[in-house]
Number of protein chains: 2
Amino acid sequence: MLLVARVPPGTAYHAGVDSSLKGTLHQRGLRMTPQRQLVLDAVRDLGHATPEQVCSQVQAIAPAVNITTVYRTLDLLEQLGVVRHAHLGHGAPTYSEHQHRHVHLVCHRCGRVDEAPVDMMSAIAERASDEHGFRLDATHVALSGTCADCQRTEDAESETDTAEEVRG
Amino acid sequence: MLLVARVPPGTAYHAGVDSSLKGTLHQRGLRMTPQRQLVLDAVRDLGHATPEQVCSQVQAIAPAVNITTVYRTLDLLEQLGVVRHAHLGHGAPTYSEHQHRHVHLVCHRCGRVDEAPVDMMSAIAERASDEHGFRLDATHVALSGTCADCQRTEDAESETDTAEEVRG
DNA sequence: GTCGATGCAAATTGTTTGCATCCTA
DNA sequence: TAGGATGCAAACAATTTGCATCGAC
């Protein structure tokens, strides 16, 4: 199978990054494949991405890669601790590099995702631990709310609005 | 259609609760139906419940009610402000009465859901607002982490464990 | 009687599984 | 060349939509 288009010598995708993945895989008796590298590259390039989005990115380079492989590879990379997933709302989980640790603020109106430093949650983490014995993972689930722009939009709407949203 | 089994007179389910729903519906030109009352009752009885769970509960009384109707009714009741939904992990949203406002702590290991008062998040809400212009809805998305029991389990496991989880 | 609500079937979307083939080590 | 990885098709689960029928007002 011709997986990727030919590239000039010396321009390996993310030259050097694959060495660690290869090592991590081999340590566990697993195999390095072009697909696995491409999925990892895609996750790194995209920041946060759903399996679907990762698949599109991978297929831009290697159209034959199947979405099934993307799902399996994301699961694997997560078990290896190379990537992690977070729930940024609605349903679709998004994958990012494991080091990518932020608190996510997702606007439930427009979907925009903002990031805040994890230590923003340290006070809550402490209370959760003290009062509930609960060890918080502040980065796994996004906080939901309304972004500044959408608050303005809502304010503007409520002026004109005569509470007739339901019919339809 | 025979919607519900016959019941002794005077034992209406949640006698009296439907009056407000009926009124709310009529205000908007919408109609009161037994299905709508049953869905609302189910949400109230169950605390948090997925559409699937609401459907089962409703069907225990009225087997002919279709899950499509449950979805549509939950959406409607949410628009009316009678119920709200929250994301308690993985994918399935759960519905509860609108007044039900807690911060949810979900264990990603065993799925257990704990509840904490909303004011637990007030410090974060303020920071989100000040630093990001973001209006936080602390109750919409659950916080993810590890519950006390599962922390003990993990500690116990890591003693025996020799890091060989990946191979399949 | 009118038009909103329901039930049913089918379409959609997101994800998983079985299995034959392929290819890394 | 042995067994892990992939691709493909099909199974699944959760949710939505089209449409004819039903029933609240």
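Note that the coordinates shown come from a computational prediction; the quantities given were computed from them, not determined experimentally.

1. Quick notes on the sheet that holds strand β6 (residues 143-146) of chain A
What the 4 strands build is an open sheet, ordered β4(A)-β3(A)-β6(A)-β5(B); its pairing is mixed. A single partner strand is all that each edge strand has here, and the edge strands are β4 (113-116) of chain A together with β5 (135-136) of chain B. Pairing of strand β3 (residues 103-107) of chain A with β6(A) involves 3 bridges; the strand directions are parallel. Bridge pairing in β6(A) links A:Val106 to A:Ser144. Across the face of the sheet, helix α5 (residues 122-132) of chain B comes into contact with β3, β4 and β6 of chain A together with β5 of chain B while running at roughly 110 degrees to β4(A).

2. Comments concerning the interface of chain B and chain A
Contact residues are listed per partner, giving 41 residues for chain B and 41 residues for chain A. Buried area between chain B and chain A, both sides added, is near 3600 Å², and the carbon and sulfur share of it is 60%. Joining chain B to chain A, the criterion identifies 4 salt bridges. Note that B:Arg135 is salt-bridged to A:Glu154, the shortest N-O span being 2.8 Å. At the junction of chain B and chain A, the tally comes to 12 residue pairs in polar contact (both at pLDDT 80 or more).

3. Points about the UniProt feature "binding site: Zn(2+)" (unreviewed entry) in chain A
Here the UniProt-annotated "binding site: Zn(2+)" (unreviewed entry) positions come out as A:Cys107, A:Cys110, A:Cys147 and A:Cys150. A maximum C-alpha distance of 8.2 Å among these annotated residues, which run over 44 residues, shows that they cluster at one spot. By secondary structure assignment, the location of A:Cys147 is in the loop between β6 and α6 (148-160). For A:Cys147, the residues in contact, after removing those within four places along its chain, are A:Cys107, A:Cys110, A:Arg112, B:Gly133 and B:Phe134. Examined against the element boundaries, A:Cys150 turns out to sit in helix α6. Not counting chain neighbours up to four residues away, the residues in contact with A:Cys150 comprise A:Cys107, A:Arg109 and A:Cys110.

4. A closer look at the packing of helix α3 (residues 51-61) of chain B against helix α4 (residues 67-79) of chain B
Residue and element names in this part refer to chain B. Closest axis-to-axis distance for the α3/α4 pair is 9 Å, and the angle between their directions is 120 degrees. For the element pair α3 and α4, the recorded crossing hand is right-handed. Residue-level contacts link Pro51, Glu52, Val54 and Cys55 of α3 to Ile67, Val70, Tyr71 and Leu74 of α4. Along the lines of polarity and charge, the residues of the contact of α3 with α4 split into 7 nonpolar, no polar and 1 charged.

Parameters at a glance
Residues numbered from 1 in each chain as written. Chains lettered and ligands numbered in written order. Predicted model: local features only at pLDDT ≥ 70, side-chain atom pairs only at ≥ 80, totals over all residues. Heavy atoms only, no water. Pairing = 2+ DSSP bridges. Helix = DSSP H or I, 4+ residues; strand = E, 2+ residues; numbered from the N terminus. Contact = heavy atoms within 4.5 Å. Axes fitted to C-alpha atoms, helices over the stretch in contact; angles between N-to-C directions. Buried area = accessible area lost by both parts, 1.4 Å probe. Salt bridge = Lys/Arg side-chain N within 4 Å of Asp/Glu carboxyl O. Polar contact = N/O pair within 3.5 Å; in protein donor to acceptor, adjacent residues only side chain to side chain. UniProt positions renumbered as here; feature names shortened; annotations may be inferred. Left-handed = near helix turned anticlockwise from the far one by under 90°. Nonpolar A, V, L, I, M, F, W, Y, C, P; charged D, E, K, R; others polar.

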